[in-house]
Every structure is written in structure tokens, then in C-alpha cells.
Amino acid sequence: MSNIYDVVIIGAGPAGLAAGIYAARAKLSTLILEKDSPGGQIVITEEVANYPGSVENATGPSLVARMLEQCREFGAEQKKEAVISVDFSGKLKKITSSAATYEAKAVIVAAGAIPRKICCPGENDLVGKGVSYCATCDADFFTDLEVFCIGGGDTALEEALYLSKFARKVSIVHRRNEFRAAKSIVDKVLKNPKISIIYDSVVEELKGDGILESLSLRNVKTNELTEYKAAECDGTFGCFVFIGSLPHSELFKDSLKLSDDGYICTDEDMKTNIPGVFAAGDIRVKSLRQVVTAAADGAIAAVQADKYIETAFN
Amino acid sequence: MIVLDKDNFETEVLKADGLVLVDYWSESCVPCKALLPDIEEMAKTYKGKIKFCKLDVTTARRLAISQKVLGLPTITLYKSGEKLSELSKDDASKDSIHNMIKSALG
């Protein structure tokens, strides 16, 4: 079987899958490479209420499942392989995965982002031991226990609402004194009797012997430290972190132009600094990282890739 | 794979001789479900050398916490009932689980 494709898409989150739908529908031979299961960050989100036109009670996994179906219907090929290196120097771009090397006339980089960590002492040792970045994975452990939810954006507040269905008490820790999340979500949070809010505070340290037992908060205005310990009858509590994302752009730092914080720079047609290489979704510089903008990016990238191939290869 | 629950965990894992691998998972954990086929394949590869088990933590939350498992997916390798090594979250990839098993088998 040939390893040459019209388009290779790196990443199968909403941006990559939308690109896959558009590219395959345009009759381009299309390969989508994804190291994990398809879906990206959205599959760890329980409620997606703001994706236009989605059915009632849409969840991250249900949206992704439908996108996958559409990709298959149009004939995009998918492989569960991690991309190890890329070579964008030639006219045909080379993409090397854990299993093979592929060549592509155009590449769409939709490798997404990963949750940003607090980067405080104790955090790494306690991941999976009380510290979590995935509410749908871990909320159940904290049924009738207390949890802290770190962050003040849409994601943090939506996940706090989700966690309040399980936990006895949810404390949102926010470094500012007001929220930048959508007003409707803030209102829901403020009305929820299980949720309380600790403003102007950041996590300074996480401690525990094998499981999370205590958390120190620092007030950013007074520098005062407060330590919260797990109730004796509980033994532990949860610390869920939703403080934004980091781009998955390490592989591209030598070939593509990145912003200072590591996101791929593109124009509004999703073109990077290299002709034939496009970027879409959370990995690129943009103002709103949501499923709807990722999907739009993917569509634009695929259409532009089609145009590029037509001009450059015919 | 052996399906664990509150009642058989002690017999199958803590009181068992030799190497036992436990896949802590749940229905709502998408990364867990993505990993499961890889684990099932490994169960075939290492048949006779390691006993492969899975525990749906929603049916045994306190049991999981008593094993200091509070995040999914978590893959734990036990030897004669004692925890030998463990991989959780992003660290629980197919390759790293293979490596964990290989170093346990020596």
C-alpha cells in the first residue's frame, strides 16, 4: 500500500476531524494520525451546551463520535499512531510515526493542546492521587467528599458545576476577584449551594503521603497563606485544575513559526510560514479555543489545502 | 481478563501469588476505554505470566481509594499482593505499560 497521501492530518480532535470531513469530501486521499483515542480534549468534557446545532444534552464524546462517523462516511483513513518527527523541507512533506513514514502533498497540524499544570510543589507526585485535569474521568471518586476546582474561565466553572453533582462541597479557587467566564455560567455557579468561591488566590503547594491530604493557598493581594487539610473522616479530597492549555507544538518548533508561548502562527486561511503546511484548532494563535472555532479552522485548512494541491501539483 | 469487584478483589489480587495487573477504569472515563483494547491485547501476549484484571471503580470507589487510586486510568502491577509499580493518567500509555511489565518480568 502506498504511503503517499494528498493530505495528512496530525491530530483527531474537532479541528482534525473537521479537516478530515472536508478533505475527504473534496476527494483528497486523507490520512488522520492520532496517538490517543480520537477526540482530543473535548472527550473529557461532560457537557457541551454551546456547539451550534448539536442535539440536546450533547457531550464531548457524543459530538466526537458523530464527527468520526462523518469522517468515515467520506472516506478519510485513520490510524492510531503517534507522530515522532516531521520533515517539511521538500515539496512532499514527510511525517514519521511510531509505525511508518508517510508523504503528503499538504499537511494539516491539528495536534491541539494539553491542560496547563499549576507547576507547584507536590503536583506531579499527586496526579491520579487527588490531583486531576479530567472531571469526567475522576469526579466519581469524590462522591460525598470535598473538591477544589482551580481556575476562573468557562471550563473551570462548567467543570465545577459538573463536580457539584458528585462532591459534598466544591471550592473554586480563582486568582482574580472576578470571573472571565460567560455570565450565564457564572450565574449558575453563584446560585449553586454546594459551590463556594475563594477569590484572589493561587495554589502554592499540594501535600500528601500517597494521596492528596492538604493544599496551601496564597492570597495574591495579602500574600497570606492558608492551608486546607482533608477532613479526618474523609482522608483525602480532590484538586481539579482548569487553568488553560499548553500547545502540543514541540515537534514543530524547528520548522514552523511559533508565538512566544508556543502556539503556531497562521494567517486567517490557516497557512503557516511553510507553503502546504496548515494549522487548525487549539494549537494555533487565536482568541477563542472552543469546539466551534476548532471545527471552523479545520474546514478552512482543508479547503485551503485542496487549493494549494491544485496549484502546486498540477 | 478477570472482572474484579468488591468481593473478589482480595482473593484475586491481594491474596494472589505472582504478578497481577489491575486496570482501574470506569464507563465515563474516555481515555480508559481507549486504553482497554491495548490492555486486552497484552493480556493475550503475557498469558500465563501475569494475571490481567479490571476493576470498574464506580462499583468499588472506597476499595480503589484504599489502594490509593484516585485518578483514571490507573494501571497497577501487584506482586504477591503488594504494589510493585503503577502508571496513571498520561503515563499509562501502551508503551510504558509494556516497559513496566518487562521490567517486572526481569
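Just so it is clear, the model here is predicted, and its values are computed rather than measured.

This part covers the overall build of chain B. The number of helices and strands found in chain B is 4 helices and 5 strands. Along chain B, helices (α) and strands (β) appear in the sequence β-α-β-α-β-α-β-β-α when read from the amino end. Computed over C-alpha atoms, the radius of gyration of chain B comes to 12 Å, within 12% of the 13 Å expected from 2.2 N^0.38 for 106 residues, which places it in the range of a compact globule. Taken along the three principal axes of its C-alpha coordinates, chain B extends 35 × 30 × 20 Å. By residue count, 54% of the 106 residues in chain B fall in the buried class.

A few words now on the sheet that holds strand E13 (residues 214–219) of chain A. What holds strands together in a sheet is hydrogen bonding between their backbones, with the strands either parallel or antiparallel. Residues and elements named next belong to chain A. Reading across the sheet, the 3 strands line up as E12-E13-E14 and stay open at both edges, with antiparallel pairing between neighbours. For this open sheet the edge positions go to strand E12 (201–207) and strand E14 (225–229), each flanked by a neighbour on one side alone. Across the sheet, the axes of successive neighbouring strands diverge by a mean angle of 25°, strand direction being ignored. In the sheet, E12 pairs with E13 via 6 bridges, with the strands oriented antiparallel. In the strand pairing of E13, valine 202 is matched with arginine 218.

Looking now at the state of the cysteines. Here, the word disulfide means a covalent bond between the sulfur atoms of two cysteines. Counted according to the given criterion, the structure contains 2 disulfides over all chains. Each sulfur of the disulfide joining Cys134(A) and Cys137(A) lies 2.3 Å from the other. Every disulfide takes its handedness from the sign of the S-S torsion; for Cys134(A) and Cys137(A) that torsion is 70°, giving right-handed. Just as Cys134(A) is buried, Cys137(A) falls in that class too. Cys29(B) shares a disulfide with Cys32(B); S-S distance 2.2 Å. Its S-S torsion of about 80° marks the bond between Cys29(B) and Cys32(B) as right-handed, since a negative value means left-handed.

Mapped onto the elements, Lys129(A) comes out in the loop between strand E7 (113–115) and strand E8 (131–132). Among all residues touching Lys129(A), those that are not within four sequence positions of it are Gly210(A), Ile211(A), Leu212(A), Lys68(B), Val69(B), Leu70(B), Lys83(B) and Glu86(B).

Structural remark: α-helix, 3.6 residues per turn; residues separated by three or four positions point the same way. Residue and element names in this part refer to chain A. When you tally the buried positions in helix H4 (residues 154–163), you get 7 out of 10 residues, the bulk of the element. Turning to H4, its buried residues are Ala156, Leu157, Glu159, Ala160, Leu161, Tyr162 and Leu163. Its buried side turned inward, H4 meets helix H3 (135–138), strand E9 (146–150), strand E10 (169–173), helix H5 (183–191), strand E11 (195–198) and strand E15 (238–241).

Once that is clear, we can look at the interface of chain A and chain B. Accessible area lost upon the coming together of the parts is a frequently used measure of interface size. Counting from both sides, the interface comprises 23 residues of chain A and, opposite them, 21 residues of chain B. Buried area between chain A and chain B, summed over both chains or domains, comes out near 1,800 Å², and the portion from carbon and sulfur atoms is 60%. When the buried area of chain A at its contact with chain B is split by residue, Lys129(A), Cys137(A) and Phe141(A) rank highest and sum to 33% of it. For the interface between chain A and chain B, the tally reads 3 salt bridges. Notably, a salt bridge pairs Lys80(A) with Asp38(B), separated by 3.3 Å at the nearest N-O pair. On inspection of chain A and its partner chain B, the count reaches 12 residue pairs in polar contact (both at pLDDT 80 or more). In terms of residues, the side of chain A that touches chain B owes the most to one element, H3(A), which gives 3 residues. Grouping the constituent residues of the side of chain A that touches chain B by class yields 10 nonpolar, 8 polar and 5 charged.

Here we take up the pattern of salt bridges. In the structure shown here, the tally under the stated rule is 23 salt bridges over all chains. The residue Arg168(A) makes a salt bridge to Asp234(A) at a minimum N-O spacing of 2.8 Å. One end of the pair, Arg168(A), is in the loop between H4 and E10; the other, Asp234(A), is in the loop between E14 and E15, and 66 residues separate them in sequence. Of the charged contacts in the structure, one is a salt bridge between Glu12(B) and Lys51(B), with a shortest N-O distance of 2.9 Å. Of this pair, Glu12(B) sits in helix H1 (residues 9–14) while Lys51(B) sits in strand E3 (residues 50–56), and the two are 39 residues apart along the sequence. Among the residues examined, Glu12(B) registers a relative accessible area of 23% and is labelled partly exposed. Here the salt bridges share partners, and the residues they tie into one network are Arg66(A), Glu69(A) and Glu73(A).

Below, the discussion takes up the domain arrangement of chain A. All names here are of chain A. Domain annotation for chain A reports domain 1 (4–114 + 245–313) and domain 2 (124–241). Here the C-alpha centre of domain 2 lies 32 Å away from the C-alpha centre of domain 1. Contacts between the two partners involve 5 residues from domain 1 and, on the opposite side, 7 residues from domain 2. Summed over both sides, the interface between domain 1 and domain 2 buries roughly 530 Å², with carbon and sulfur atoms accounting for 46% of that surface. On the domain 1 side of the interface with domain 2, the three residues burying the most area are Ile44, Glu46 and Glu47, jointly 76% of the side's total. Where domain 1 packs against domain 2, one counts 0 salt bridges. Looking at the side of domain 1 that touches domain 2 residue by residue, the class counts come to 2 nonpolar, 1 polar and 2 charged.

Residue and element names in this part refer to chain A. Along the polypeptide, glutamine 41 turns up in the loop between strand E2 (30–33) and helix H2 (60–74). On the accessibility criterion, glutamine 41 (28% relative accessible area) is partly exposed. Taking C-alpha positions, glutamine 41 is 9.7 Å from aspartate 282, a pair spaced 241 residues apart along the chain. In this view, glutamine 41 contacts Ala113, Ile114, Pro115, Ser245 and Asp282; residues no more than four positions away in its chain are not counted. Within polar-contact distance, the side chain of glutamine 41 engages the backbone oxygen of alanine 113 at 3.2 Å.

Rules of the game
- Residues numbered from 1 in each chain as written.
- Chains lettered and ligands numbered in written order.
- Predicted model: local features only at pLDDT ≥ 70, side-chain atom pairs only at ≥ 80, totals over all residues.
- Heavy atoms only, no water.
- Helix = DSSP H or I, 4+ residues; strand = E, 2+ residues; numbered from the N terminus.
- Rg over C-alpha atoms; globule rule 2.2 N^0.38 Å.
- Buried < 20%, exposed > 50% of the residue type's maximum accessible area, 1.4 Å probe, protein only.
- Pairing = 2+ DSSP bridges.
- Axes fitted to C-alpha atoms, helices over the stretch in contact; angles between N-to-C directions.
- Disulfide = S-S within 2.5 Å.
- Contact = heavy atoms within 4.5 Å.
- Buried area = accessible area lost by both parts, 1.4 Å probe.
- Salt bridge = Lys/Arg side-chain N within 4 Å of Asp/Glu carboxyl O.
- Polar contact = N/O pair within 3.5 Å; in protein donor to acceptor, adjacent residues only side chain to side chain.
- Nonpolar A, V, L, I, M, F, W, Y, C, P; charged D, E, K, R; others polar.
- Domains from an automatic or database assignment.

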